[in-house]
Amino acid sequence: MLVSLTGISEMKGVCMGDGGLSIGGATSHATVAREAAAQYPALAALAGQIGDPAVRSKGTIGGSLANNDPAACYPSAVLASGATVVTNRRKIAADDYFQGMFSTALEEGEIITEVVFPVPQKAAYVKFNQPASRFALTGVFVAKYPGEVRVAATGASASGVFRWAEAEAALSANFAAGAIAGLTVDASGMIGDLHGTQAYRANLVKVMTGRAVTAAG
Ligand SMILES: Cc1cc2nc3c(=O)[nH]c(=O)nc-3n(C[C@H](O)[C@H](O)[C@H](O)COP(=O)(O)OP(=O)(O)OC[C@H]3O[C@@H](n4cnc5c(N)ncnc54)[C@H](O)[C@@H]3O)c2cc1C
């Protein structure tokens, strides 16, 4: 499918709208890191940790979300924020968008034009780097909204990004790192490879969640 140059330029940029912070689908990670800093600091900080300066100047939020690499950073922010993925055909809720490793709700020829993030009261992303690629060996995004905390982990599960429901319930009752102390993450669905075993990644989900809650303040 061809997108006109005018169309692509309209898909770039960061602005505040009625539904939250709107980021054009062709917006680079570097632009998000710079232009979202005032409105959604945790999201800007996530974008600023992606890869290296060259990756951040070329990589885009739409490309990252369409690819849905199981170790990509943005999927955790989109899922934890309950964001809306807007395409040239429809609006897709984050909970419906991610459908497994490298798999999404996008159909043939469907283009992500915009992603809309409701801005939380508090949020943070903490990433345990895979040191060679700088992708997330495990990364966790925590977002606190009125009456609800959402927790999404990337890099860990063989099914791609996922919400940790038990932590969300515990943190909704008490937004403190200690609230998840008694919880464990089931290691059976985790990725196990030369970088880390399934049990290692399961433990990282818990450790990164605690650190994200502390960082969110
Ligand atoms: C060395 C290196 C380190 C990296 N480190 C990280 C990291 O730490 N964290 C992280 O999250 N990512 C990381 N990345 C991935 C990077 O951030 C890019 O987002 C990712 O490679 C996708 O590239 P792109 O955005 O240019 O999309 P492309 O490569 O252009 O596209 C990827 C796919 O999505 C499709 N696509 C592109 N845009 C759209 C759209 N708007 N709508 C629908 N489909 C679309 C394309 O057709 C293609 O199939 C790293 C990449 C490299 C090379």
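Model, not experiment: these values are computed from the prediction.

Enquirer: What is the right way to look at the overall build of the protein in this model?
Expert: For the protein, the helix and strand inventory stands at 9 helices and 9 strands. Here the C-alpha radius of gyration of the protein, 16 Å, is about what a compact globule of 217 residues would show, namely 17 Å. On the principal axes, the C-alpha backbone points of the protein span a range of 50 × 40 × 30 Å. Expressed as a percentage of the 217 residues in the protein, the buried residues total 50%. Accessible surface for the protein amounts to roughly 9,600 Å². Of this, 54% is attributable to carbon and sulfur atoms. Distance between charge centroids for the protein: 8 Å, based on 16 positive and 16 negative side chains.

Enquirer: Honestly, the confidence of the model for the protein in this entry has me stumped. Any pointers?
Expert: Residues shown with low pLDDT carry predicted positions that ought not to be read at fine detail. Across the protein, pLDDT averages 95, with 97% of residues at or above 70. Confidence over residues 1–5 falls short of pLDDT 50; this stretch has 5 contacts with residues more than four positions distant or in other chains.

Enquirer: Got a minute to help me understand the sheet that holds strand 7 (residues 136–145) in this structure?
Expert: A sheet is described by the order of its strands in space; here 4 strands give the open sequence 6-7-8-9, paired in antiparallel fashion. On the outer flanks of this sheet lie strand 6 (122–129) and strand 9 (162–163), each paired with one strand and no other. Note: strand 8 (residues 148–154) against strand 9, 2 bridges, orientation antiparallel. Residue Ala153 lies in a different strand from strand 9, and its bridge partner there is Phe162. Its contacts with the sheet put helix 8 (residues 165–173) on strand 8 and strand 9, and the angle it makes with strand 8 is roughly 150°. Sitting on the sheet, helix 9 (residues 198–216) is in contact with strand 6, strand 7, strand 8 and strand 9, with an inclination near 40° to strand 7.

Enquirer: Got a minute to help me understand unusual backbone geometry in this structure?
Expert: Backbone phi values are negative for most residues with the exception of glycine, while trans is the configuration of most peptide bonds. The backbone of Asn68 sits at a positive phi, close to 50°, despite the residue not being glycine. Summarising the element assignment, Asn68 is placed in the loop between helix 5 (61–67) and helix 6 (74–80). Residue Asn68 is classed as buried on the basis of its relative accessible area, which comes to 2%. For Phe102, which is not glycine, the phi torsion reads 55° and is therefore positive. As for its position among the elements, Phe102 is in the loop between helix 7 (94–97) and strand 5 (112–117). According to the relative accessible area criterion, Phe102 is partly exposed, its value standing at 45%.

Enquirer: Is there a simple way to explain the nonpolar core in this structure?
Expert: A general trend in soluble globular proteins is that nonpolar side chains are found buried together. Grouped together as the largest cluster of nonpolar side chains are 38 residues, with contacts concentrated most on Tyr40, Leu43, Leu65, Tyr74, Val78, Phe117 and Phe141. Breaking this core down by element, the ones donating at least two residues are strand 2 (20–24), helix 3 (41–48), helix 5, helix 6, helix 7, strand 5, strand 6 and strand 7. Per-domain counts for this core show at least three residues from each of domain 1 (5–117) and domain 2 (122–216). Apart from residues no more than four positions distant in its own chain, Leu43 is found in contact with Leu21, Ile23, Val32, Tyr74, Ala77, Phe117 and Phe141.

Enquirer: Looking at this model, I keep getting lost on the domain arrangement of the protein. Mind explaining?
Expert: Accessible area lost upon the coming together of the parts serves often as the stated size of an interface. Domain assignment breaks the protein into domain 1 (5–117) and domain 2 (122–216). On a C-alpha basis, the centres of domain 1 and domain 2 stand 20 Å from each other. Across the domain 1-domain 2 interface, the total number found is 3 salt bridges. Asp52 is the salt-bridge partner of Arg134, the closest N and O atoms lying 3.7 Å from each other. Taken together, domain 1 and domain 2 are joined by 10 residue pairs in polar contact (both at pLDDT 80 or more). Listed by contribution, the elements that provide at least two residues to the side of domain 1 that touches domain 2 are helix 3 and helix 6. No other element matches the 5 residues that helix 6 contributes to the side of domain 1 that touches domain 2.

Enquirer: Looking at this model, I keep getting lost on the pairing of strand 6. Mind explaining?
Expert: Successive residues of a regular strand alternate their side chains across the two faces of the sheet. Both strand 6 and strand 7 contribute to a ladder of 8 bridges, which runs antiparallel. Paired with Val126 across the strands is Val140, a residue of strand 7. In this antiparallel pair of consecutive strands, strand 6 and strand 7, the connection spans 6 residues, and Arg134 shows a positive phi of 75°.

What counts and how
Residues numbered from 1 in each chain as written. Predicted model: local features only at pLDDT ≥ 70, side-chain atom pairs only at ≥ 80, totals over all residues. Heavy atoms only, no water. Helix = DSSP H or I, 4+ residues; strand = E, 2+ residues; numbered from the N terminus. Rg over C-alpha atoms; globule rule 2.2 N^0.38 Å. Buried < 20%, exposed > 50% of the residue type's maximum accessible area, 1.4 Å probe, protein only. Areas by Shrake-Rupley, 256 points an atom, 1.4 Å probe, with all protein chains shown as cover. Lys, Arg positive; Asp, Glu negative; His and termini not counted. Charge placed at Lys NZ, Arg CZ, Asp CG, Glu CD. pLDDT = per-residue confidence, 0-100. Contact = heavy atoms within 4.5 Å. Pairing = 2+ DSSP bridges. Axes fitted to C-alpha atoms, helices over the stretch in contact; angles between N-to-C directions. Core = buried A, V, L, I, M, F, W, Y, C linked by side-chain atoms within 4.5 Å. Domains from an automatic or database assignment. Salt bridge = Lys/Arg side-chain N within 4 Å of Asp/Glu carboxyl O. Polar contact = N/O pair within 3.5 Å; in protein donor to acceptor, adjacent residues only side chain to side chain.

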